[in-house]
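Reading the structure
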Amino acid sequence: MTPLMIISLISAYFGVLLLISYFTGKNDSNADFFKAGKKSPWYLVAFGMIGASLSGVTFISVPGWVEGAKFGYMQVVFGYLVGYFIIAYVLMPIYYRLNVTSIYEYLLQRFGRVSHKTGAFFFFISRVLGASFRLFLVAIVLQQFVFNAWNVPFEITVVLSILLIWIYTFRGGIKTIVWTDTLQTLFMLVAVGLSIYFINDKIGWSFGEFLSSEELKNYNQMIFVDSFLEKNHFIKSFLGGLFIAVCMTGLDQDMMQKNLTCKSLKDAQKNMVSFSIVLVAVNFVFLLLGALLFIYAEKFNIATPLMDGAPKTDLLFPEIALNSGLGITLAVTFMLGLIAAAYSSADSALTSLTTSYCVDFLSIDKKPEEDQKKIRKRIHILMSLLLVVVIIIFKHVLDRNVIDSLLTVAGYTYGPLLGLFAFGIFTNYKVKDKYVWLVAIVSVLTTFALAKIPPENLFGYKVGYELLPINGLLTFIGLVLIRRK
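What counts as what
Residues numbered from 1 in each chain as written. Predicted model: local features only at pLDDT ≥ 70, side-chain atom pairs only at ≥ 80, totals over all residues. Heavy atoms only, no water. Helix = DSSP H or I, 4+ residues; strand = E, 2+ residues; numbered from the N terminus. Rg over C-alpha atoms; globule rule 2.2 N^0.38 Å. Buried < 20%, exposed > 50% of the residue type's maximum accessible area, 1.4 Å probe, protein only. Contact = heavy atoms within 4.5 Å. Areas by Shrake-Rupley, 256 points an atom, 1.4 Å probe, with all protein chains shown as cover. Expected span 1.5 Å × (residues − 1). Core = buried A, V, L, I, M, F, W, Y, C linked by side-chain atoms within 4.5 Å. Phe/Tyr/Trp six-rings, centres within 6.5 Å; stacked < 30°, edge-to-face > 60°. Lys NZ or Arg CZ within 6 Å of the ring centre and 35° of its normal. pLDDT = per-residue confidence, 0-100. Salt bridge = Lys/Arg side-chain N within 4 Å of Asp/Glu carboxyl O. Axes fitted to C-alpha atoms, helices over the stretch in contact; angles between N-to-C directions. Left-handed = near helix turned anticlockwise from the far one by under 90°. Nonpolar A, V, L, I, M, F, W, Y, C, P; charged D, E, K, R; others polar. Lys, Arg positive; Asp, Glu negative; His and termini not counted. Parallel < 35°, antiparallel > 145°, perpendicular 65-115°, else oblique.

**Some details on the overall build of the protein chain**
The secondary structure content of the protein chain amounts to 19 helices and 4 strands. Relative to its length of 485 residues, the protein chain is compact, with a C-alpha radius of gyration of 22 Å against a globular reference of 23 Å. C-alpha extents for the protein chain along the principal axes are approximately 70 × 60 × 40 Å. Taken across its 485 residues, the protein chain has 59% of its residues classed as buried. Long-range pairs, those at least 24 residues apart, make up 86% of the contacts in the protein chain between residues at least 6 apart in sequence. Carbon and sulfur atoms provide 65% of the accessible area of the protein chain, an area that totals close to 19000 Å².

**Remarks on helix H17 (residues 415–426)**
Taking 1.5 Å as the rise per residue, H17 with 12 residues should run 16 Å; its terminal C-alpha atoms sit 16 Å apart, in good agreement. Of all 12 residues in H17, 10 are buried; the element is thus mostly enclosed. Of the positions making up H17, those classed as buried are Gly415, Pro416, Leu417, Leu418, Gly419, Leu420, Phe421, Ala422, Phe423 and Gly424.

**Let's talk about the nonpolar core**
Judged by nonpolar contacts, the single largest core of 149 residues is most densely connected at Phe59, Tyr95, Ile199, Ile320 and Met335. Ranked by residues supplied to this core, first place goes to helix H12 (residues 265–299) with 18 residues. Setting aside residues up to four positions removed in sequence, Ile320 forms contacts with Ile199, Leu293, Tyr296, Ala297, Ile302 and Leu326.

**Section: the environment of Asn259**
Within the secondary structure, Asn259 is located in helix H11 (residues 253–259). Considering only alpha carbons, one finds Asn259 and Asn271, 12 residues apart in sequence, at a separation of 7.7 Å. Apart from residues lying up to four places away in sequence, Asn259 is in contact with Val45, Met49, Met92, Tyr96, Ala268, Asn271 and Met272.

**A word on the packing of aromatic side chains**
This model, assessed by the stated rule, comprises 30 aromatic pairs. Among the aromatic residues, ring-to-ring pairing joins Trp65, Tyr73, Tyr80, Tyr84 and Phe275 into one connected group. The ring centre of Phe228 lies 5.6 Å from the NZ or CZ of Lys236, which sits over that ring. Cation over ring: Arg483 sits above Tyr429, and NZ or CZ is 5.3 Å from the ring centre.

**Regarding the confidence of the model for the protein chain**
This prediction gives the protein chain a mean pLDDT of 84; 91% of its residues lie at or above 70. Ranking the helices and strands of the protein chain by mean pLDDT puts strand S3 (residues 430–431) first, with 96, and helix H2 (residues 30–35) last, with 62.

**What about the pattern of salt bridges?**
Taken as a whole, this structure holds 5 salt bridges when the rule is applied. A salt bridge links Lys217 to Glu214, with the shortest nitrogen-to-oxygen separation between them at 3.1 Å. Assigned by exposure class, Lys217 and Glu214 land together as exposed. A salt bridge links Glu215 to Lys299, with the nearest nitrogen and oxygen atoms 3.3 Å apart. With Glu215 in the loop between helix H9 (207–211) and helix H10 (234–250) and Lys299 in helix H12, the pair connects residues that are 84 residues apart, well separated along the chain. Note on Glu215: relative accessible area 27%, which makes it partly exposed.

**Quick word on the environment of Leu336**
Among the structural elements, Leu336 can be located in helix H14 (residues 328–361). The buried category is assigned to Leu336, whose relative accessible area is 17%. Each C-alpha atom of the pair Leu336 and Gly119 lies 36 Å from the other, and the pair is 217 residues apart in sequence. Those residues in contact with Leu336 that sit more than four places away from it in its chain are Leu9, Tyr13 and Phe187.

**Here's the deal with the packing of helix H4 (residues 73–98) against H10**
Interaxial distance between H4 and H10 falls to 7 Å at its minimum, and their mutual angle equals 35°. Where H4 crosses over H10, the handedness of that crossing is right-handed. Across the interface between the two elements, Gln75, Val76, Phe78, Gly79, Tyr80, Val82, Gly83, Tyr84, Ile86, Ile87, Leu91 and Tyr95 from H4 touch Phe234, Ser237, Phe238, Gly241, Leu242, Ile244, Ala245, Val246, Thr249 and Gly250 from H10. Classifying every residue of the contact of H4 with H10 by side-chain character gives 15 nonpolar, 7 polar and no charged.

**A few points about the environment of Glu67**
With respect to the helices and strands, the residue Glu67 is situated in helix H3 (residues 42–69). Separated by 246 residues in sequence, Glu67 and Thr313 have C-alpha atoms that sit 8.2 Å apart. Apart from the residues lying within four places of it in its own chain, the contact partners of Glu67 are Tyr219, Phe294 and Thr313.

**Focus: unusual backbone geometry**
The phi torsion at Lys70 lies on the positive side, around 55°, for a residue other than glycine. For Lys70, the location among the structural elements is in the loop between H3 and H4. Here Lys70 falls in the partly exposed class, since its relative accessible area comes to 29%.

**Some points on helix H13 (residues 316–323)**
One full turn of an α-helix is made of 3.6 residues, so residues set three or four places apart face in the same direction. Where burial is concerned, most of H13 is hidden: 6 out of the 8 residues are buried. Following H13 by one or two positions, Gly325 adopts a phi angle in the positive range, close to 80°.

**Topic: the side chain of Asp433**
Relative to the helices and strands, Asp433 is located in the loop between S3 and helix H18 (436–451). One buried charged side chain, Asp433, makes no salt bridge at all; its nearest oppositely charged neighbour is Arg113, positioned 6.2 Å away. With near-sequence residues (within four places) excluded, Asp433 lies in contact with Phe111, Gly112, Arg113, Val114 and Ser115.

**Digging into the packing of helix H7 (residues 154–169) against helix H15 (residues 369–397)**
For the pair H7 and H15, the least separation of the axes is 10 Å and the interaxial angle reads 150°. Taken together, the axes of H7 and H15 are roughly antiparallel relative to one another. As for how H7 packs across H15, the hand of that crossing is right-handed. Of H15, the residues touching H7 (which contributes Phe154, Glu155, Val158, Val159, Ile162, Trp166 and Thr169) are His380, Ile381, Ser384, Leu387, Val388, Ile391, Ile392, Lys395 and His396. A per-class count over the contact of H7 with H15 returns 10 nonpolar, 4 polar and 2 charged.

Now the structure itself:
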């Protein structure tokens, strides 16, 4: 597939998104931008959330992770499932009862202004990094397979990617995203299904033959319980997944903003439960695809692509889909799936960052009504520029599998949110609000220090995704120390 064909495909795809944006953004009000008028059908939100949760990271990085981690990622996914039920029946009733626009308004009502700003700040850092991870992944694919052929710098690739998102979200916001996410999820799932079909067909297997093949047995170990000291032990991965789901969905304005557009709490809970069950199955299919990619690469002597001189397993899927002779249908399908996966999470991230900054930091509802829309649009532009800068920085500092990096960073940035919300929900104490930011910072620094302790100093114990609950627990303990009746 030539670079010109890929650009033409991207242009056509964004033409469809702009058409959706035109119809959903006609009102252009802050109420529609932030909450979609609370009229979104729950099944539409549930389907769209699959794409937003998976994103380009899952689409490329999870299959690329199979070589080293096998199917161990499913241990984390099983934790996700339990976490989503906690969100549906513990957190959502609180958000709907308080009728919040930003979920961090709960912290304002429960503790005070400093707690509110602290929670919003950690979300802001988390979402900027998370969205940048996701967009970085699609940017390096576009760079590797399209823009390098035209000698276009990586920085320009990033700017163009963010600009396209800004164009179709700046009017309709979350109302537009509920609909575009649905389309993007459909493209992504179709791409995965067709990729598995075409690769199996090239090898000469049916899907059943692939599942029963000896080659798959080299990759499909799912549960790891050999040593609790290892990072990938089942209990550590499961608990990490549970807390990651609670924090990266239930305590994340980006993901919860879509749920808050549903008509009622009951609809939002239906959305969350149905979405969580489907998501487990979809992640398993992605791991099957990953195993198939490595089997195919070995059979046809396809080397893992290099990036800055080092093998990058995240690029194996695009290499096989675009350059291994599997046909134009798979190439087109892959590009549509990649674009859909990447932008289904990035567009909502940009909108949620705008929402949180306007509501949590600027208190936009207290500004003169005639200025509110102007403020929102100005912040939307600033958030776009911020993402551009962070993605370009990642190009020079990131040297790990992207999904591993994303989940590791989540352990630091979401921990204080976990501690704050847990303390608010499960205790009746107030806190000395002015010290909350200090507790959060100390918790993050302590967690970071724990993670840097060499395994030999911990009797061989390797710290994994349990960093998140550890961080949350430290924040909780810190809040106990500054509590007041």
